[in-house]
Every structure is written in structure tokens, then in C-alpha cells.
Amino acid sequence: MAVTIEDLYRNYGVLADAKDNLSQHKDAYQVILAGVKGGPKEKRLAAQFIPKFFNSFPELADAAINAQLDLCEDEDVSIRRQAIKELPRFATGENIFRVADILTQLLQTDDTAEFNQVNVALISIFKMDAKGTLGGLFSQILQGEDIVRERAIKFLSTKLKTLPEDIMTKEVEEYVFAETKKVLEDVTGEEFVLLMRVASGLRVLQTVNGRQQLVELVVEQADLDQALNPADPDAVDRLLQCTRQALPLFSKNVHSTRFVTYFCEHVLPNLSTLTSPVAELDIQLEVLKLMAEMSPYCGDMEKLEANLTILFTKLLEYMPLPPEEVENGENSASEEPKLQFSYVECLLFSFHQLGKKLPDFLLDKVDGERLKDFKIRLQYFARGLQVYIRQLRVALQGKTGDALKTEENKIKVVALKITNNINILIKDLFHNPPSFKSTVTLSWKPVQKTEAVAAKRLSSEEMGSGAATKKQITPLPRRDARQIYNPPSGKYSSSIGNFNYEQRGGFRGGRGRGFGARGKDRPLKVDPQLEELLEEAELGVGRLQDIEDNDEPSDNNAEKMAPSSKPMVSCGAATSPVSPQENLYWTEKLAEQTGSNPQGMDSVFWSHENGDSKSSESNTYYHNG
């Protein structure tokens, strides 16, 4: 005979009145357990009554949990939500693991309200026993179905950091790290990113030794002991993902040497043949940017001279020779060299950073003819650079506030930062002997507020007086200011998500889901810190206008080019991606400002943060070369 509403209320009354003699009314509790087989009303009452008296009948614990689990799987969503809401009341003693395991499985629901209820229930049992709850979560991550595993990892990556220290004790965090290392033995690309976010957020790993352990984890995932197959998009993407995860961990005490060495020996020689895992990604520029960001944290390198030679050779490829002149002094009709500013900024910065470790490289390790060729290339690039900087300076002169917030002017700000960075680095290399003392911030990196405030104190009048003789030192970015890469959102999300890795096996081990199968690449741009960018742009333009135009290298005396004693312009800010149409528009506008009878003309090849390496096929500027 089916249990009715009246039966449930009557037996509930018996148990409620029994007080200290509850164990004598086992039959009454069994009637309540039978309520899970009744109608919707009976089930909703049973979902509330079963946990209320659960602790009084240990011999019926398994039957009670199973009855509540049946309600968690009911077809009626309202019954499921009520049953899930009451599940934490079963989480006592040895049952905590089982309840956590059940709740983790329930994360696979597609009902938003039910999913949120499961999250709330998991957080509540975390407060009862964090280690036991984690045991249930990691059990499903290691052995559960793919959808459960995926959502459990996402739960950990988003919720653990919100828990207070009295819950996430040192013992609990060490347990999380130990279990995370087990999971990392076999993960997809997205899982790797999320698990690294979990591990890097643990307080016990916020020491030098802790960050070094995290770097070692990434090194293991990156397979740096194996040669890179440039034709395998999966292998290339694995290297990029691992490098991005390691970047925020590097510092003066946690070195990037393993990664920088690998990039020099295996990546740069194959740069032109790398296969991009995503159609829209300029893989060459992405690699060079990562190399540049790692280079300041490189420690002692075993094959420094050999690796510097590889980097130097690659830099020469992007530093064109001047076009040949025919007898009448005009340029030949051959194709004009392309000045690839974004690539050159990365390569020059990397060479400048590693060159500090072997300052005599250009004089003692490079033969005379090759050094002469290099200086000719540097001089030609610098001449075009000076004209380009002047054009940008004119275009941005007098613009402040809202005027700088237009897309066109934001693009010009980025261009000014890149060209000014290259200009500073070229001046260092023109020293005799070459100098490696200047400090620049990479153009895509955020501006430090302390740096901007310090620069603001120097007015144009002070710069023109005695204060101008004092060199402004730009502080290095703090380690904690570097961005952690995240899965993408916005412009490229859908296309990245459509790239299918399913047929190429796992990231580590043999799960067969493939690296990045469920994941998306990190965004090609971090969120723009627009106010800082514009503030820095105004400072940079104002200070550039006070620098005389005779800074460009002399044709006959390139070796005497020393850095100006005037304050350096601080470069680097987060910016918004730009479209090819925007780029073409503003470069054509700049070209129109330079006059109608140029003596020389160079083709500008500009690579942007959006990964579009051919955003302008033949943008031109003019110089009096």
C-alpha cells in the first residue's frame, strides 16, 4: 500500500515527539523512507523528512542516502532541487566522501537553477570537511564521465579561490596540489589551463620554491626534452599553452632558461614552418612575443653563444637591406623591403635581453663583414623609423582625452609605442661597443601607474631646462603585474572553438580527447586598460615633441649613435585589437601628410595584436633617404 501525505505527517509527528527515544521508532522512519515511492507531494515531503532524522538511525544510513539519491534523480525538477538542497545534511563522518561524490556527479545537470543548487550544496559541505569534499571531487575527476570531469575541474578553478583560509588550510592545499599532479598526468589543453589556475592560486605555492614547483609541472607537460614537430598543430599549441601558463611564474628567482633555450634551439629555426592550431592566429608573431616576454627572466644558459647566434640570424631576416640604387640615384624597380615592426620589436628586445649576458657578442663573436651588414640594416631600419615616428607625432599632436579614445588614434598610439621601443633598442646597439643598458616595456604590456605618475612630474619646461640632462629610468614591470592567460572570449572565440583536436590523442597520456579538444586558446589580447594607455600616450607624445629631429642615425657615422640624454619615453600598454580596414585607413592618411614628391618610399608591413599578419599589404610612408 502506497504511503500517503497523512502517513508521512503522522510518522513525522511520532518521531518529533519521541525526542531521546527516537531509536525505538525505527518503523516510523521506514514509512518516511517509503515516501520516495509515492506521488510528487509525498516525494517533496520525504525529501525534507528523511535528512531530519538521518543521524538517529545509523543502521538505516545506506537506505536513507539511497532514498534521497532517488529523489535527486527524479523527473520532476522541483523534487530534484529539494532533494539536492537537503543532501548536505547527510554529510557527516564517513558519509562526507559519498555525498561529495554524489554532488559532483550531479554537476552534469543542464538546468541552471539545479546546477546552482549543486554548487551551493558543495560549498556548504566544504565548510564541514574540506579534505573529504575534495576526495569526492577528485574521485570523479579521475574516474568519472567526461562531462562530470570537465565540470568538476571548472568548479575547483572558480570556487577554491573564494574559500577562506580557515577552510583552505595548509594541509588542505597540499592535498589539492598532490591530487592535481595526479590529474595532470593525463589532461586536455583546457583542463591543463584550469588545473594550473587551481595550483597557482594555492597560498602554499606563493613562495619562490612553490613557483619553481609549478614551473617544473609546466616543463613536464611541455615535453621540452623532445624536439618540436613544426608541422603538428597539436604539438605547437601544447608548447604555446604551456609557455603561457609558465610566464606569470617567472621572476628574477624563478628562471625561464629551459623555455628560452628550447625556443632558441627548436622554435626559432622552424619559425617559418610552424603550423598554427588556429586559422586567425599569426603563429610567428605569437611565438616571438612569448620569447620576448620570457627573455628578461632567463638565467645562466649553457649554450649562450650558440643561442645568441640563432637569435641574431633570425633578427637579420627581419631587418632588410636598403634597396639598390641605379646610376641616376633612384631606387631600382625591384620590390621595396617590408619593415615588419611588430616582429622586429620582439626580436630586438629578446636579443637585447640575452645580449646583456654576453655583451661582447657583436664585437668578438660576429665576423667583421656580418657586423657591417648588420649595421647597414640597422641604419636603414632606423631611418625609416624616425620618419614614421615623426608622422605619428604629428598625427597625435595636441590630442587629449576623448580625441585619443577613437579607434584610429588608439591604433596610432600602439604604433608610436612599438616604433619608439625599436628606436631605443637600435640606439643601444649603435654604441661602440654596443650597449645593453636601456629599459623598455613591450608595447602590448600594461603601463605601470608608478611609472606614469613619475613621468608626469616632468613638465615640458623642466625637460627643456637642466632637468633634461637627467636620464629618466623606467622601472621594470613588477612580477605580479603580468597577466595570466585565460581561455578566449569575444572576437575569436567561435572560430577557435571550432578547431578540432579530437583525432590527435591526449595532451599527456591516452585519454584520447586531444589537447585543447574542449578548450579555446587564450585571448590574443587582454582587456585594455584604456585610461592608462591614453595617459601614457599623452606623456609619450609630449615628450617626443621636445626631442630634436636630428636623432636619426647619420649615413657616415652610425657608430657614434648614442642614446639621447633626454628622458626616455616609457612604452607599453594594453590595447584593443585592430582590424585590417582600420590599419589601412590610418596608414594611408599618414602617407598623405608627407608630401607629393618623395625621394624614397618604403613598404610597411604591420602585424597587430589580433594576429592578422597581413593587415596591410602595401601601406606606405615616405622618408628623405
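Residues numbered from 1 in each chain as written. Predicted model: local features only at pLDDT ≥ 70, side-chain atom pairs only at ≥ 80, totals over all residues. Heavy atoms only, no water.

K.L.:
When you look at the overall build of the protein in this model, what are you seeing that I'm missing?
P.N.:
When helices and strands are tallied, the protein shows 25 helices and three strands. Considering only contacts within the protein whose residues lie at least 6 apart along the sequence, 77% involve residues at least 24 apart. Here the protein displays about 27500 Å² of accessible surface, and carbon together with sulfur accounts for 47% of that area. (Helix = DSSP H or I, 4+ residues; strand = E, 2+ residues; numbered from the N terminus. Contact = heavy atoms within 4.5 Å. Areas by Shrake-Rupley, 256 points an atom, 1.4 Å probe, with all protein chains shown as cover.)

K.L.:
Can you walk me through helix α4 (residues 61-72) in this structure?
P.N.:
The terminal C-alpha atoms of α4 lie 16 Å apart, and with twelve residues this matches the ideal 16 Å at 1.5 Å per residue to within 8%. All of the buried residues in α4 are Ala61, Ala64, Ile65, Ala67, Gln68, Leu71 and Cys72. Projected onto a plane normal to the axis of α4, the buried residues spread over an arc of 160° and lie on a single side. (Expected span 1.5 Å × (residues − 1). Buried < 20%, exposed > 50% of the residue type's maximum accessible area, 1.4 Å probe, protein only. Arc of directions from axis to C-beta.)

K.L.:
Sorry, what's going on with the packing of aromatic side chains here?
P.N.:
Given two aromatic rings, their pairing is described by the distance between the two centres and the angle made by the two planes. Scanning all chains against the criterion turns up 15 aromatic pairs. On the basis of an interplanar angle of 10° and a centroid distance of 4.7 Å, the ring pair of Tyr29 and Phe57 is categorised as stacked. Here Tyr29, found in helix α2 (residues 26-34), pairs with Phe57, found in the loop between α3 (40-52) and α4; they are 28 residues apart in sequence, far enough to count as distant. Put simply, the rings of Tyr9, Tyr12, Phe49 and Phe53 touch in pairs and so form one group of aromatic residues. (Phe/Tyr/Trp six-rings, centres within 6.5 Å; stacked < 30°, edge-to-face > 60°.)

K.L.:
Looking at this structure, how should I read the packing of helix α7 (residues 112-126) against helix α8 (residues 130-143)?
P.N.:
Describing two packed helices takes the angle between their axes plus the distance from one axis to the other. The contact between α7 and α8 brings their axes to 7 Å, and the two run at 135°. Here α7 is positioned oblique relative to α8, judged by the angle of their axes. For the pair α7 and α8, the contacting residues are Leu122, Ile125 and Phe126 in the first and Ala130, Thr133, Leu134 and Leu137 in the second. Broken down by class, the residue content of the contact of α7 with α8 amounts to six nonpolar, one polar and no charged. (Axes fitted to C-alpha atoms, helices over the stretch in contact; angles between N-to-C directions. Parallel < 35°, antiparallel > 145°, perpendicular 65-115°, else oblique. Nonpolar A, V, L, I, M, F, W, Y, C, P; charged D, E, K, R; others polar.)

K.L.:
What am I meant to see in the confidence of the model for the protein here?
P.N.:
The predicted coordinates should not be examined in detail at positions where pLDDT is low. Looking at the protein, the pLDDT average stands at 76 and 69% of residues meet or exceed 70. Scored below 50 in pLDDT, residues 450-506 makes 122 contacts in the model with residues more than four places away or belonging to other chains. (pLDDT = per-residue confidence, 0-100.)

K.L.:
Explanation requested: unusual backbone geometry in the structure shown.
P.N.:
Across residues other than glycine, the phi torsion is negative in most instances, and most of the peptide bonds are trans. Put simply, Asn432 and Pro433 share a cis peptide bond, and its omega is 5°. Within the secondary structure, Pro433 is located in the loop between α20 (407-429) and α21 (449-456). In this structure, Asp223 is a non-glycine residue whose phi angle is positive, near 55°. If you trace the backbone, Asp223 turns up in the loop between α12 (208-222) and α13 (233-246). A relative accessible area of 24% means that Asp223 is categorised as partly exposed.

K.L.:
Hey, could you run me through the pattern of salt bridges in this one?
P.N.:
Between side chains of opposite charge, a pair can form as their charged atoms come close. By the definition in use, this model includes 23 salt bridges. Across the pair Lys154 and Glu150 runs a salt bridge, and its minimum N-O distance is 3.3 Å. Linking Lys154 with Glu150, this pair stays in helix α9 (residues 146-159), spanning four residues, or about one helical turn. Between Asp373 and Arg377 there is a salt bridge, with the nearest N and O atoms lying 2.7 Å from each other. Of this pair, Asp373 and Arg377 both sit in helix α19 (residues 368-396), separated by four residues, roughly a single helical turn. Classification of Arg377 as buried rests on a relative accessible area of 16%. One salt-bridge network, in which partners are shared between bridges, spans Glu150, Lys154 and Glu190. (Salt bridge = Lys/Arg side-chain N within 4 Å of Asp/Glu carboxyl O.)

K.L.:
Mind showing me how you'd approach the environment of Glu305 here?
P.N.:
Along the chain, Glu305 falls in helix α16 (residues 304-317). Sequence separation between Glu305 and Leu354 is 49 residues; the distance between their C-alpha atoms is 9.7 Å. When sequence neighbours within four positions are dropped, the list of residues in contact with Glu305 reads Leu358, Phe361 and Lys365.

K.L.:
In this structure, what is going on with the state of the cysteines? I would like to understand it.
P.N.:
Disulfides are covalent bonds that connect the sulfur atoms of two cysteines. Applying the stated rule across the entire model yields zero disulfides. Cysteine Cys264 remains unbridged, with the sulfur of Cys298 as its closest cysteine sulfur at 7.6 Å. Judged by its relative accessible area of 0%, Cys264 is buried. (Disulfide = S-S within 2.5 Å.)

K.L.:
Help me understand helix α10 (residues 170-183) in this model?
P.N.:
What sets the pattern is the α-helix's 3.6 residues per turn: residues three or four places apart point alike. A rise of 1.5 Å per residue sets the reference length of α10, with its 14 residues, at 20 Å; its end C-alpha atoms lie 20 Å apart and thus fit the reference within 8%. Regarding α10, the residues found buried are Val172, Glu173, Val176, Phe177, Glu179, Thr180 and Val183. On its buried side, α10 packs onto α8, α9, α11 (189-200) and α12.

K.L.:
Would you mind going over the nonpolar core with me for this structure?
P.N.:
One broad trend across soluble globular proteins is that nonpolar side chains are buried collectively. Residues Tyr29, Ile50 and Leu103 are the most contacted members of the largest nonpolar core, which totals 159 residues. The dominant element in this core, judged by the number of residues it contributes, is α19, at eleven residues. Not counting the four nearest positions on each side in its chain, Tyr29 is found in contact with Leu15, Phe49, Ile50, Phe53, Phe54, Phe57, Leu60 and Ala64. (Core = buried A, V, L, I, M, F, W, Y, C linked by side-chain atoms within 4.5 Å.)

K.L.:
Please explain the packing of α3 against helix α5 (residues 77-86) as it appears in this structure.
P.N.:
Put simply, α3 and α5 touch, their axes get as near as 9 Å, and they point 5° apart. As summarised for this structure, α3 and α5 are arranged roughly parallel, according to the angle between their axes. Along its contact with α3, which presents Pro40, Lys43, Arg44, Ala47, Gln48 and Pro51, the element α5 presents Ser78, Ile79, Gln82, Ala83 and Glu86.

K.L.:
How should I be thinking about the environment of Lys445 in this particular structure?
P.N.:
Along the chain, the position of Lys445 falls in the loop between α20 and α21. Given the relative accessible area of 12%, Lys445 is considered buried. Taking the C-alpha atoms as reference points, Lys445 and Glu293, 152 residues apart in sequence, are found 9.2 Å from one another. Side-chain polar atoms of Lys445 contact the side chain of Glu293, separated by 3.1 Å. (Polar contact = N/O pair within 3.5 Å; in protein donor to acceptor, adjacent residues only side chain to side chain.)

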